[in-house]
Amino acid sequence: MAKHHIQTTINGDEVDVLCEPSQSLLDVLRDELHLTGTKEGCATGDCGACSVTIDGRLVCACLVLGVEVNGAKIETIEGMADGENLHILQSKFIEHVALQCGICTPGLLIAAKSLLEENPDPTEEEVRYGLAGNLCRCTGYQKVVEAVLDAASELRGA
Amino acid sequence: MQHGIGQPVTRTEDPRLLTGRGIYVDDITLPNQAYAVIVYSTIAHGIIKSIDTEAASAAPGVLLILTGEDAKADGLGGFGPAFMPEDVGIPVPGHRTSRPILAQGKVRHLGERVALVVAETAHQAMDAAELVEVDYETLPAVTTAVEAVKDGAPQVYDEAANNTSFALRMGNGEAVAAAFESAAHTTKVSIYNNRLTANSMEPRGSNATYDRASGETTLYVSTQNPHGVREELSGHIFHEPETKLRVIARDVGGGFGMKGGVYPEEALVVWATRKIQRPVKWTPSRTESLMSDDQGRDQTVEAELALDADGKILALRWAALNNVGAYIVGAANVPVMFSLRLAQTVYAIPEIDVGTKAVFTNVPPTTPYRGAGRPEAVYIMERLMDTAAHEMGIDPVELRRKNLIAADAMPFTTHTHYVYDSGEFDATMSQCVAAADWDGFEKRKAESEANGRWRGRGLAYYIDDTGIFNDRMELRFDPSGSVTIVAGTFSHGQGHETTYPQMVSDWLGVDADNIRFIQGDTAAVSFGRGSYASRSMIVGGSALRYAADEIIEKGKKFAAHVMEASPADIEFADGKFVVAGTDKQMSMTEVAQWAYHPAGLPPELGIGLEGVGGFAATSPSFPNGCHISEVEIDQETGKVYLDRFVAVDDMGIVMNTLLAHGQVQGGVGQGVGQALLEDLQYDPDSGQLLTGSFLDYCMPRADDLPSMEIEMNEVPCTSNPIGVKGAGEGGTVGATPAVIIAILDALRSEGVNDIPMPATPERIWQALADAKKAA
Ligand code: FES
Ligand code: FES
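Residues numbered from 1 in each chain as written. Chains lettered and ligands numbered in written order. Predicted model: local features only at pLDDT ≥ 70, side-chain atom pairs only at ≥ 80, totals over all residues.

Describing the environment of Ala 523 of chain B
Point 1. You can see Ala 523 of chain B is positioned in the loop between β23 (515–518) and α16 (536–562).
Point 2. It is 9.8 Å that separates the C-alpha atoms of Ala 523 of chain B and Thr 218 of chain B, two residues lying 305 residues apart in sequence. (Helix = DSSP H or I, 4+ residues; strand = E, 2+ residues; numbered from the N terminus.)

Quick look at the structure:
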């Protein structure tokens, strides 16, 4: 099958990639571009481990085809920190120990960032609803929620 | 000390994990790797009449196809149980099974491995797997233990009559029968502790590569126990020395017991890479995980409690059936035995009589899943206590208080020969009752009612036997004076990379930045048993303490030599070796550097500074605690809202409060999952899996859980040198009964006295309808 030539911007870098028409964006990121920070937990849109943003919109990369992102701007976990400077959400995740095994964490961070961009001053309930698309089997979410609320208040103060 | 024991130190592993730099097994890509796909049995029970691989072999990109016949031809073995009752001194014979890596002649459950297909790409392997034609003669299937023990039920093994592998019974049947005769009150509950699956967010997976130069095979795998995987594959499948196989686990995305054993796929990729001499990678889909991971719980129980008129327990009796699935493999008997051994939980009960049968059915094997037998035991006991309290009109706190084992009765020997070394059950319960604002409940209940919701509260007291087997920890200084911890345990989310260095820093006075941590590579760690059964801090932590002690003893000799004193005059404190009564001293780092001097050291001191510690949990430790939950139930929809959750836990000395609280919160999440959402369902006739995706097998999400309040009552454990009790499982053990009891409390006014797990809105609605009909 003929491969498709895709041009996109990923974490600010212009990227050219050839992909099969059947490959999901998640497959393209992980298998073709070796950006393995984005994880697969289900491939059916139910766990959020594959969360990325396309043109600022939060999506499950497992539900988007690679060929659909031609010309789009994609942000993944690899682009969240600014060099060695962690994003405030990442720092707060460390401070609150909001991760255990860490496999869900890239997706949760991307989803949380997107949540705070839409709603800089969320209540606990809004955070819980906002992150309900991301499954975490280890933490019981409590420290995740605390970290996000803490990051939100720091971002507002800054 | 900022990094010392007990401090809420943040985790060393986190910067890597939250920037996407963690390396989980599916993140490993080896040069020239091929891809494996498994052909799973599509039926629950049947005879394999033939397997036609011709079309699949001719499909594009296919490199290798293997079936059970090939495994037989290559002389490969199968997986058996780690132990049967008779192997641990219980004189009960049982039917012992061997699980093949690929089915031979017969399939016994949906998802049994039938063939392996390896191709150039994952898609080609998947397409070719579709072309493998398996001709089955379907046999009748049985999926529940209750049906399987009946005469005339389909037989999973001809040799195991009534599908029973073995029956175990503990206690004194006669004395219990007599107690029930004379009891003022008896209480009875029927329970089905439902079938669950761990669903770690990272599925299992593996990648194996054969090195033609050395003849060694390296297996990358997502496991909780790398040395265990090597031992099983070498010993039971390939019948070869363990030196032929190196097993490496990097970051592992959760396990919860499910990754504690070894799986056919791990043998298959090793076998395949040796055949095609290219790396072979296997990554399951979520549906394949749900179908093929070993599963948890599945116990059916009839339980009774006899009490005197004051509410003092006279006797406990229960008879259970454990549905162990189609094979007994690995640690499968752990939950079966642990539920019996923990039967009396925290109560002073004069006599017990408890028994279970391990029953084969046509569903996947069971394995320890977070709690492993303790959730079953505690759920039975707490449901009995709650029902008895309700029936007798005694306050549930009061009924427990009358029967809890007193703190001054420690050490306390149970009827099943466990010795509880320590515990303040009454004080811990009181602390939890206060923290939960027990007395404010009626007010909250009235508010809920006004909003169209019933409110109920549930209290559960749990105990957990934690820590198992022995293990080995090493401390190795290098010539620069920094130290490496070589761990026999295996952290897969617990944060050992943080906690162990925290402890070593405290004990040896070495800066945490100069402590490196390695685990999970059989070539770098000489031996270990991995992490499960909440064992790491007890066994690994204690072994680490002994390794540190050896370092101090050896260090004293080096220090004595350098400072020209007698070793007996060297004292070690605060990271310094001091010649007693003088101001002569050397730091740990200086001593370590000296230990590597190229010349001038007496030969009896050896070269370098290393310590090895071993510890065996001859007696488990017994973390325990009280959980109180409050639920609201929507009167229209039957949906349960978990409103409050308070836990007071005694996990002995706490090494790191942040991480300990995280263990409780995560554990509670899984316990709540069983109570409200999670259920593996099989069609009773066909044995087909009905819950094969996250849409059907639901797990708690952020909006399903409340913020929990967690407190500790630290009662040091006396059976290990560092005073710790296991932290990993208690949350799960306590939460399930606390939530179900709260639901029953909320619904009692409506005539509902029982509810199955998970208590979904549909089931609550049904229970309400049934109660209305009966009224
Ligand atoms: S992998 Fe995309 S939602 Fe689970
Ligand atoms: S930290 Fe393990 S799944 Fe979230």
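What to know about unusual backbone geometry
Point 1. Met 410 of chain B connects to Pro 411 of chain B through a cis peptide bond whose omega is -5°.
Point 2. The residue after Met 757 of chain B, namely Pro 758 of chain B, is reached through a cis peptide bond having omega -5°.
Point 3. Of note, Pro 758 of chain B is situated in the loop between α19 (730–747) and α20 (761–774).
Point 4. Backbone geometry places Tyr 141 of chain A, a non-glycine residue, at a positive phi of 70°.
Point 5. Here Tyr 141 of chain A falls in the buried class, since 29 other C-beta atoms lie within 10 Å of it. (Buried ≥ 20, exposed ≤ 12 C-beta atoms within 10 Å, placed from the backbone.)

Thoughts on the environment of Pro 91 of chain B
Point 1. Examined against the element boundaries, Pro 91 of chain B turns out to sit in the loop between β4 (78–79) and β5 (99–100).
Point 2. The spatial distance from the C-alpha of Pro 91 of chain B to the C-alpha of Tyr 532 of chain B is 27 Å, given a sequence separation of 441 residues.

Let's talk about helix α1 (residues 25–32) of chain A
Residue and element names in this part refer to chain A.
Point 1. Of all the eight residues making up α1, six are buried; the element is thus mostly covered by neighbouring parts of the structure.
Point 2. Taken together, the buried positions of α1 are Leu 25, Leu 26, Asp 27, Val 28, Leu 29 and Arg 30.
Point 3. For α1, the secondary structure elements touched by its buried residues are β2 (13–19). (Contact = placed C-beta atoms within 7 Å.)

Quick notes on helix α8 (residues 264–276) of chain B
Residues and elements named next belong to chain B.
Point 1. Taking 1.5 Å of rise per residue, 13 residues should cover 18 Å, and α8 covers 18 Å from first to last C-alpha, within 8% of that figure.
Point 2. Of all 13 residues that make up α8, ten are buried, and the element is covered over most of its length.
Point 3. All of the buried residues along α8 are Pro 264, Glu 265, Glu 266, Ala 267, Leu 268, Val 269, Val 270, Trp 271, Ala 272 and Thr 273. (Expected span 1.5 Å × (residues − 1).)

Describing the sheet that holds strand β14 (residues 280–282) of chain B
Residues and elements named next belong to chain B.
Point 1. What the seven strands build is an open sheet, ordered β3-β7-β1-β14-β11-β12-β13; its pairing is mixed. Whereas interior strands pair on both sides, the edge strands pair on one side only; in this sheet they are β3 (62–67) and β13 (245–248). Strand-to-strand twist across the sheet, computed as the mean angle between neighbouring axes with direction ignored, equals 20°.
Point 2. In terms of strand pairing, strand β12 (residues 217–221) meets β13 through four bridges, oriented parallel. Residue pairing for β13: Leu 219 is matched across the bridge by Val 247.
Point 3. The sheet contacts of α8 involve β1 (34–40), β3, β7 (113–119), β11 (206–210), β12, β13 and β14, and relative to β11 the element is tilted by about 30°. (Pairing = 2+ DSSP bridges. Axes fitted to C-alpha atoms, helices over the stretch in contact; angles between N-to-C directions.)

Focus: the packing of helix α11 (residues 374–392) of chain B against α19 of chain B
All names here are of chain B.
Point 1. Relative orientation of the contacting elements α11 and α19 amounts to 30°, with a least axis distance of 9 Å. If you check the angle between α11 and α19, you find them roughly parallel. Viewed along their axes, α11 and α19 form a crossing whose handedness is right-handed. Touching Arg 374, Pro 375, Val 378, Tyr 379, Glu 382, Arg 383 and Asp 386 of α11 are Thr 732, Val 733, Thr 736, Pro 737 and Ile 741, all from α19. (Parallel < 35°, antiparallel > 145°, perpendicular 65-115°, else oblique. Left-handed = near helix turned anticlockwise from the far one by under 90°.)

Describing the interface of chain B and chain A
Point 1. At the interface, 40 residues of chain B touch 41 residues of chain A.
Point 2. If you tally residues by element for the side of chain B that touches chain A, the top one is helix α18 (residues 657–676) of chain B, at seven residues.

Some details on the sheet that holds strand β2 (residues 46–52) of chain B
Residue and element names in this part refer to chain B.
Point 1. Sheet architecture is open: three strands sit in the order β6-β2-β8, paired in antiparallel fashion. Two strands bound the open sheet, and with one partner strand each, they are β6 (106–107) and β8 (133–138).
Point 2. As judged from the two bridges shared by β2 and β6, these two strands associate in the antiparallel manner. Opposite Gly 46, over in β6, you have Val 107 as the bridge partner.

Overview of the domain arrangement of chain B
Interfaces are often described in size by the accessible area the parts lose on coming together.
Residue and element names in this part refer to chain B.
Point 1. Splitting chain B by domain gives domain 1 (14–139 + 202–253 + 259–292), domain 2 (142–197 + 295–410), domain 3 (421–465 + 622–775) and domain 4 (470–616).
Point 2. Centre-to-centre separation of domain 3 and domain 4, based on C-alpha positions: 42 Å.
Point 3. Across the contact, twelve residues belong to domain 3 and 14 residues belong to domain 4. (Domains from an automatic or database assignment.)

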